[in-house]
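Architecture and fold: a report
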Amino acid sequence: RRLTTITVTSLWGGSEQDAFQKVLDAFKAKTGITATYQAQRTDYATVLQSKITGGNPPDVAIMPNLGFLRQFARSGGIKKVSDLGIDPKISAQAA
């Protein structure tokens, strides 16, 4: 089964979101995978943890700092990009 759509969540809004959308557009052009962006401007860690615990996590969550990354790694809420069926080399080249 070929992956055609992923969800990406982050704290970014406004001009940051606009700039990131260009990265997502380049990713689609390179891979054919549509990335649907979901902004979460408040209570990011709480909302993200609730989605993970509830079995409805985003495919990709942008971690704003190393502390967030450690928190979610310890809880088992992080998976490798390759687990989504995406070649990490392609992902890096698209950005």
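Here we summarise the structure given alongside this text. Here the structure is a predicted model, which is why all the values come from computation and not from measurement. (Residues numbered from 1 in each chain as written. Predicted model: local features only at pLDDT ≥ 70, side-chain atom pairs only at ≥ 80, totals over all residues. Heavy atoms only, no water.)

1. Quick word on the sheet that holds strand E3 (residues 60–61)
Here three strands make up an open sheet; going across it, the order is E2-E1-E3 and the pairing parallel. Each of the sheet's edge strands pairs with one partner strand only, and the pair in question is strand E2 (34–39) and E3. The sheet contact formed by strand E1 (residues 5–10) and E3 spans two bridges and is parallel. When the sheet's bridge partners are listed, valine 8 is paired in E3 with valine 60. Each of E1 and E2 touches helix H1 (residues 14–31); the most contacted strand, E2, lies at about 160° to it. (Pairing = 2+ DSSP bridges. Helix = DSSP H or I, 4+ residues; strand = E, 2+ residues; numbered from the N terminus. Contact = heavy atoms within 4.5 Å. Axes fitted to C-alpha atoms, helices over the stretch in contact; angles between N-to-C directions.)

2. Considering the pairing of E2
The side chains of a regular strand alternate between the sheet's two faces. Here E1 runs beside E2; their pairing, made up of six bridges, is parallel. Residue pairing across strands places threonine 9 opposite glutamine 38, the latter belonging to E2. A crossover connection joins E1 to the parallel E2 through H1; in handedness this β-α-β unit is right-handed. (Right-handed = clockwise from strand over helix to strand, strands pointing away.)

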